[in-house]
Amino acid sequence: MNRRSWFGLVKLILTLAGSAATTWTWAQATQVDVTSQVTLTRSGYVYNRSTNTFDSTVRLSGQATSIPGPISYVITGIDPASVTLSNAAGTTPDGKPYVKVPVAAGGLEAGQSVSVVVKFANPSREKFSYTYQVLSRGTDIGKYVSFGGPPPILAELDALPRDPDTGLPVLIGLAEGSLQVDATLRDPITAVGACTGWITACLKPGERELDDCARSAPQCATNTPWLESSACCPAACFAQYRTARLAGMPQIATLMRVYVNDGSCFPQYKGRR
Amino acid sequence: MSVLFCRATLLIWLVGALLIPTNALAWDSGSEDSPGPMEARNIWGWIYSAGPRPFHDNEHARLLREAIFRSGLPLGLARDPSDPFKLSVYTKDAVVPGVGIPTVHPYPFLAANTKRIRAYTIPGFAGLPDHSYSLADWVAGNETCPPGTTSGALDTAVTCHTFQFHLGLLNSTHFVPQSQNTFIYYHNLALTRAAECKRLSDSFQSSPLYTTAKSLLDEMSTECEREALSLEAIGQHFLQDAWAIGHMWERWGYPTFAQFPAINDSDRRMRALAVGLISGLIHGAESKTHLPDLMSYGHSHDVVWEKPGYPMQPWGIGDLHASELLQDPQYVDQREFFLDCSASSLREVYAATGMISGSLGAAAGTRRNPISECFNQRATNSAIFRGLGLDPLLAALLTLIARHTTASPYGDVVSPALGDEIRTDLVAITVNAALMSILFPSETDLAEGGLTDPGVFVGSEKNSATNSVPPASYADPPLPWPGSSGTGTPDWDPARWIARAFHKAHVKDFCSNSETDSATLKQRVQGASIVDRPIACEICTEFVSRQMRVNGQPSVCEAAGVPANSFTAPNGVSNRTSAAADYCGCGSHSLTLSIRVLNVGTYRYDWVGGYSSEPMGIECLSNDRGDISGSCSAEFTHGSIVKLFSTWRFGEACGVDFSHMRECSYLPPNFTGWSGDCTGNLSFSDELTMDKDRRCTATFTWPIGTP
């Protein structure tokens, strides 16, 4: 990659990272997506003559951290649309049907498993499939706040002296070596940097508290957040953060542990030793 | 403070970093064109500087000079590099391997064959720890690498003294709290030595010899006092650092490479480098960028320090800004507390000596306990974050690239695992610093080792974790020097090296030491080659003269309190040096210098001219009217080579008040020439072989028409 195109990529990455101001629908609700925090197995469909439905047993198992209840199993889409959920306990604010997951008041503990049956009405007896989401409606930490994200840092990087060998901007150097800015890096560590960069930039005491910022950070859409086009935080991170905060852990210590030192909520991130 | 502001902080820092070359120094070392052995030949005080020559000081020297003025110490102890103290060091006529300059390494007296003059000032020694590992290291000319300062087999005396290796990687002792323990160690060395100096001068003054050999004995006592104050000056470097805001926090790392946990030497070097770079990033790199640094530059409500019991959080300032510290009213709190600490400590040491260098005057300011009151100031969280100047995303994008240069000959490569470890830890530091500075800007958690949890960065502990007294194994050895334990080795014997260099101060030690045994010294003269004989004679005469009784008076050694080994000069020999030279088989001859000033008018000028000799002995001065003062005649060992060097001083109108220096002009007379046994020019005479008594005259003539 020549220098011009390389730096163009740098600009793209940093511009996108710096302009992350998305408002996330899920964050506006009182529910938190904890799908990635559970291991979920679905049985095949069994036709139930008495109810004239196609039933499937869904088994949810808690992973490393507990998930506060109540917990909902939300059917986010059915294909074809003629198939419907017949045992819905209600719908989410955006109209998705859900069933309640039978957990104790404390929620789903790590390693604990529970099952719930979903019943689908399929009058045409067509082949169908559905997508789902597991939502926790436990006590929330913080409030949603609107924040446009940190500003880009492109101009400053462009002005740094370049290493003649690598072509990278040199931040600080000694005879033995230097720290250089490789803005093409995209890996789990940059994902942590982008996420925590968003949260720390958001923090403004009296206006936007740390809990608010952790809660309001844009949610990653994939399991490779470093490849996403803008700064985001995995949903699992806030879920862990919330759990720890609810357990009484101080906010800075919680953020450092969940998002940086342990960091298990970030896919493939090894954390600090 | 929002992180929008943090990004603004980053902007300022990056603009400040524009001029950093890839091989930049990170800290304010001043010039280091020729690190290592060459640099040790400079007079401390003309290096590590931030002003125009010739009257600039390095910052450490300037601060110590200010403290001397405040402390009430004799002003002569604050003398600047234009008039340094000198040490006569016996060494070997050889060059430093790989460097090609003459060695100054103190050599055993029984084997030395040449002599070098080492110039130094006490304020200048406050800058020493940025260029040498210890006083012994400087005495040895930075020609060896102290234990623990090499990172592998390819290191040399140059690379191990390169500023970037030393300060960049091993300067944990320059940051609190290791700086406190380093200061304590050197301050105690100074006090111990000062007490020994007092015992020496008391012993001299109670001896009958003092009435006839006062200047000789006082010369030994004052060299002892200067040695004690040199140790204090080195210790004060660390006190001064503790009062630079860029050093008011616990950095990670260690004073020796061996302490860095690593899987191999290369990994160790890279870890030390990463720790040094990030520490430097927080401290600042203004010495190279010449642009305001975010932390040391100060001038910000965010850059403040906290001190328990102190009623406010004053603005802080640091390296390269000593002028503002000393003059800007904004920094009065930092200035006054620091100078009080520094002056109190100096006064404590000098008061413990016999004060032969001059009486102790009244002190200005407030007396402080330098150990308990002067090291607990810390930069606030807001100051630390400002110094770091990163945000988490940028921290994650940083990659350590090793370089292969003459200063770093190893060709290291940073492993992917280590690179990830560095980036991960950097993100952690940055997130933590951002949060703490925003939520608790006035607290000092970050400076007190809280930048990382659990105080480890890239495998290195915060420096309080290994804070012994002294923290660095290469610190100067415990007294007494040279000591009798024999712990030193030919390659590393710092106690003996220092004692050899300050051999007049250590007169007692060398009165009963195998290295200066009179019979052995004499034997060496007898076996010396023609080339080596002059120095062999000089050494023998120097030490034997201390043991020689003349005119029914005790010897110098007896006057010093060492009764053994003295002997009486033959009847009729009344000169101690002549008697010693005769004993050694060398003899001596006198050199007498006259200074003539012609065409003297009625007007008084400030000019005072004259000549001093090398070897030392003659210090002959004339004022503008030809009135002679000082020592114009001296004995020199048979066969020695003598050279006379021009000296000058300011006259009465100029005094010693440097503030008058610019206003003080003088009109020197013309140098007419040498006569007698000397030839040469105004600046110096040609070399003169002392194979007989010699007489020389230097003539000066005022221009015709001079009032």
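Residues numbered from 1 in each chain as written. Chains lettered and ligands numbered in written order. Predicted model: local features only at pLDDT ≥ 70, side-chain atom pairs only at ≥ 80, totals over all residues.

1. What to know about the packing of helix α7 (residues 178-205) of chain B against helix α8 (residues 214-242) of chain B
Residues and elements named next belong to chain B.
Inference 1: α8 packs onto α7 with a crossing angle of 165 degrees between their chain directions and a minimal axis gap of 8 Å. When the interaxial angle is binned, α7 and α8 end up roughly antiparallel. Note on packing geometry: the crossing formed by α7 with α8 is left-handed.
Inference 2: Split by residue class, the contact of α7 with α8 holds 17 nonpolar, seven polar and five charged. (Axes fitted to C-alpha atoms, helices over the stretch in contact; angles between N-to-C directions. Helix = DSSP H or I, 4+ residues; strand = E, 2+ residues; numbered from the N terminus. Parallel < 35°, antiparallel > 145°, perpendicular 65-115°, else oblique. Left-handed = near helix turned anticlockwise from the far one by under 90°. Nonpolar A, V, L, I, M, F, W, Y, C, P; charged D, E, K, R; others polar.)

2. Thoughts on the domain arrangement of chain A
Residue and element names in this part refer to chain A.
Inference 1: Taken domain by domain, chain A comprises domain 1 (3-28 + 144-262) and domain 2 (32-136).
Inference 2: Residue-level contacts link 10 residues of domain 1 with 11 residues of domain 2.
Inference 3: Elements supplying a minimum of two residues to the side of domain 1 that touches domain 2: α2 (25-28) and α6 (235-246).
Inference 4: Broken down by element, the residue count for the side of domain 1 that touches domain 2 peaks at seven residues, all from α6.
Inference 5: Taken together, the residues of the side of domain 1 that touches domain 2 sort by class into seven nonpolar, three polar and no charged. (Domains from an automatic or database assignment. Contact = placed C-beta atoms within 7 Å.)

3. Considerations on the interface of chain B and chain A
Inference 1: Contact residues are listed per partner, giving 56 residues for chain B and 43 residues for chain A.
Inference 2: Of all the elements in the fold, those that place two or more residues in the side of chain B that touches chain A are α1 (3-16), α6 (163-170), α9 (265-283), α14 (392-397), β5 (398-402) and α15 (416-439) of chain B.
Inference 3: At 13 residues, α15 of chain B tops the list of elements feeding residues into the side of chain B that touches chain A.
Inference 4: Of the residues belonging to the side of chain B that touches chain A, the class tally is 35 nonpolar, 13 polar and eight charged.
Inference 5: Pairing between strand β12 (residues 177-181) of chain A and β5 of chain B: five bridges, direction antiparallel. Residue pairing across strands places valine 181 of chain A opposite leucine 398 of chain B, the latter belonging to β5 of chain B. (Pairing = 2+ DSSP bridges.)

4. Regarding the nonpolar core
Inference 1: Among the nonpolar cores identified, the biggest contains 224 residues, and Val192 and Cys195 of chain A together with Ile384, Ile498, Cys540 and Cys584 of chain B are the most heavily contacted of them.
Inference 2: Here this core gets 12 residues from one element, more than from any other, and that element is α15 of chain B.
Inference 3: Counting the residues that make up this core, at least three belong to each of domain 1 (3-28 + 144-262) and domain 2 (32-136) of chain A.
Inference 4: In contact with isoleucine 498 of chain B, not counting residues within four places along its chain, are Leu135, Ala136, Val139, Asp476 and Trp481 of chain B.
Inference 5: Judged by nonpolar contacts, the second largest core, of 17 residues, contains Val642, Leu644, Cys678 and Met690 of chain B. (Core = buried A, V, L, I, M, F, W, Y, C linked by C-beta atoms within 7 Å. Buried ≥ 20, exposed ≤ 12 C-beta atoms within 10 Å, placed from the backbone.)

5. Observations concerning the confidence of the model for chain B
Residues and elements named next belong to chain B.
Inference 1: The pLDDT averaged across chain B works out to 87; a share of 87% of its residues lies at or above 70.
Inference 2: Low pLDDT, under 50, characterises residues 45-55; the predicted model gives this stretch 32 contacts beyond four residues in sequence or across chains.
Inference 3: Throughout residues 650-665 the model reports pLDDT below 50, and contacts reaching past four residues in sequence, or to other chains, amount to 16 contacts.
Inference 4: Across the whole predicted complex the pTM is 0.77, and at the interface the ipTM reaches 0.79. (pLDDT = per-residue confidence, 0-100.)

6. Notes on the sheet that holds strand β5 (residues 71-79) of chain A
Inference 1: The strand order across the open sheet built from five strands is β1-β10-β5-β8-β7 (chain A), with neighbouring strands paired in antiparallel fashion. Unpaired on one side and paired on the other, β1 (32-33) and β7 (90-91) of chain A mark the two borders of the sheet.

7. Overview of helix α7 (residues 251-261) of chain A
Inference 1: Across the 11 residues that make up α7 of chain A, a large majority, eight, are buried.
Inference 2: Taken together, the buried positions of α7 of chain A are occupied by Gln251, Thr254, Leu255, Met256, Val258, Tyr259, Val260 and Asn261 of chain A.
Inference 3: In this structure, the buried side of α7 of chain A is in contact with α4 (188-202), α5 (210-216) and α6 of chain A together with α15 of chain B.
Inference 4: Looking at the residues trailing α7 of chain A, positive phi occurs at glycine 263 of chain A, about 65 degrees.

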